[in-house]
Amino acid sequence: MFAQRQMFFARLAANLRAPAVRQTVQRRFASTPATDSGKNAFVRERENVKKHAAETMELWRKISLYGIPPALALAGYNAYTLYNEHWEHWSHLPPLEERTEYPYQNIRTRNYPWGDGDKTLFWNESVNYHNRDKVT
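Because the structure is predicted, anything quoted here is derived from the model rather than measured. Counting restarts for each chain: residues are numbered from 1 in the order of the written sequence. With pLDDT at 70 or above as the cut-off, local features in this predicted model cover only qualifying residues; side-chain atom pairs require 80 or more to be listed or tallied, and sums for whole chains, interfaces and linings still use all residues. Calculation of side-chain values draws on the structure's entire complement of heavy atoms; hydrogens and water are dropped beforehand.

Enquirer: Help me out: how do you make sense of the pattern of salt bridges in this one?
Expert: Once the charged atoms of two side chains with opposite charge are near each other, the side chains can pair. Each reported salt bridge corresponds to a side-chain nitrogen of Lys or Arg within 4 Å of a carboxyl oxygen of Asp or Glu. For the coordinates displayed, the defined rule picks out 2 salt bridges. For the salt bridge of glutamate 58 with arginine 61, the shortest nitrogen-to-oxygen distance reads 2.8 Å. Note that glutamate 58 and arginine 61 are positioned in helix α3 (residues 41-91) at a spacing of 3 residues, about one turn of the helix. With a closest N to O distance of 3.4 Å, aspartate 116 and lysine 119 form a salt bridge. For lysine 119, a relative accessible area of 26% puts it in the partly exposed group. Counting from the N terminus, the helices are the DSSP runs of H or I reaching at least four residues and the strands are the DSSP runs of E reaching at least two. Relative accessibility thresholds used throughout: buried, under 20% of the residue-type maximum; exposed, over 50%; partly exposed, between the two (1.4 Å probe, protein chains only).

Structure below.
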């Protein structure tokens with residue numbers, strides 16, 4: 001039985017190598033026939049996709065190189081002027097020690113575990129002020 005199988009597969013392999021069978025199999029698995037330009041619809045579509053991708057990439061490259069730096073410069077200038085206006089306004093206010101401290105400001109139910117226990121972790125001496133004895 002093993003010898004018969006070997007002979008069968010040998011003949012089958014020889015037949016598949018024959019030119020007539022090979023052409024039939026190749027034609028069966030070929031894609032659509034070529035058009036007059038030599039390219040089928042799939043190849044043309046892929047080329048169009050590549051062309052569109054290249055154009056889009058070039059557009060975003062130009063936006064990134066020539067559009068973003070001026071926008072960042074304008075945004076930085078705007079932030080700088082607003083910062084200066086804010087501190088100019090702050091200079092007209094009375095000193096921190098003379099400002100009214102209301103009971104809802106700087107509520108402390110217990111001391112913080114760092115420093116003197118009165119200042120928060122983000123305490124800024126030039127902006128924040130807290131006098132424990134001065135509450136209206």
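Enquirer: Please explain α3 as it appears in this structure.
Expert: In an α-helix there are 3.6 residues to a turn, and that puts residues three or four apart on one side. Taking 1.5 Å as the rise per residue, α3 with 51 residues should run 75 Å; its terminal C-alpha atoms sit 72 Å apart, in good agreement. The seven residues ending at a residue and the seven starting there each receive a fitted axis; the angle between those axes is the bend at that residue. Of all the bends in α3, the largest measures some 35° and sits at glycine 67, one to four residues before the proline proline 69. Polar contacts here mean pairs of N or O atoms no more than 3.5 Å apart (in protein, one a potential hydrogen donor and the other a potential acceptor; neighbouring residues in sequence count only if both atoms are side-chain atoms). Measuring from the backbone nitrogen of phenylalanine 42 back to the side-chain oxygen at the start of α3 gives 3.3 Å, which picks out asparagine 40 as the cap. For a helix, the expected span equals 1.5 Å multiplied by the residue count minus one.

Enquirer: Whenever I open this one, the packing of aromatic side chains confuses me. Can you help?
Expert: Each pair of aromatic rings is reported with the distance of its centres and the angle of its planes. Geometry of aromatic contacts follows a simple scheme: Phe, Tyr and Trp rings, the Trp one being its six-membered ring, pair when their centres are within 6.5 Å, and the pair is stacked under 30 degrees between planes, edge-to-face over 60, tilted otherwise. The tally for this structure, following the rule as stated, stands at 4 aromatic pairs. With a centroid separation of 5.7 Å and an interplanar angle of 5°, the aromatic rings of tyrosine 102 and tyrosine 104 are classed as stacked. Residue class for tyrosine 102 comes out partly exposed when judged on its relative accessible area of 38%. Among the residues examined, tyrosine 104 registers a relative accessible area of 59% and is labelled exposed.

Enquirer: I would appreciate a short explanation of a nonpolar patch on the surface in the present structure.
Expert: Distance thresholds for patches are 9 Å for like charges and 5 Å for nonpolar side chains (Val, Leu, Ile, Met, Phe, Trp, Tyr), applied to residues having over 30% relative accessible area and no salt bridge. Calculation of accessible area relied on Shrake-Rupley with a 1.4 Å probe; when residues are assessed, cover is drawn exclusively from the protein chains displayed. A contiguous nonpolar patch, built from Leu59, Trp60, Ile63, Ile68 and Leu72 and spanning about 510 Å² of accessible area, is present on the exposed surface. Structurally, leucine 59 is set in helix α3.

Enquirer: Please clarify how the layout of surface pockets should be interpreted in this entry.
Expert: Once rolled over the atoms, a probe with the size of a water molecule shows which space is left empty. Here a cavity denotes a set of grid points, spaced 1 Å apart and computed over the protein atoms alone, in which a 1.4 Å probe fits but from which it cannot get out, and a pocket denotes an open set meeting protein on both sides within 12 Å along at least five of seven lines; residues with an atom within 4 Å of a point are reported as lining. Grid points are joined across faces, edges and corners, and a volume is the space filled by probe spheres set on the points. The computed volume of the largest pocket comes to approximately 180 Å³. Lining the largest pocket, in full, are Leu96, Arg99, Thr100, Glu101, Gln105, Asn106, Trp123, Val127, Asn128 and Tyr129. Residues were grouped as follows: Ala, Val, Leu, Ile, Met, Phe, Trp, Tyr, Cys and Pro as nonpolar; Asp, Glu, Lys and Arg as charged; and all remaining residues, including Gly, as polar. Here the lining of the largest pocket is built from residues that sort into 4 nonpolar, 4 polar and 2 charged.

Enquirer: Any chance you could explain the side chain of asparagine 40 here in plain terms?
Expert: Within the element layout of this structure, asparagine 40 appears in the loop between α2 (19-28) and α3. Separated by 3.3 Å, the side chain of asparagine 40 and the backbone nitrogen of phenylalanine 42 make a polar contact. Here valine 43 takes part through its backbone nitrogen, which lies 2.9 Å from a polar atom of the side chain of asparagine 40.

Enquirer: I would appreciate a short explanation of the environment of asparagine 131 in the present structure.
Expert: Relative to the helices and strands, asparagine 131 is located in the segment after α3. Among the residues examined, asparagine 131 registers a relative accessible area of 25% and is labelled partly exposed. Along the chain, asparagine 131 and glutamate 101 lie 30 residues apart, while their C-alpha atoms are 8.2 Å from each other.

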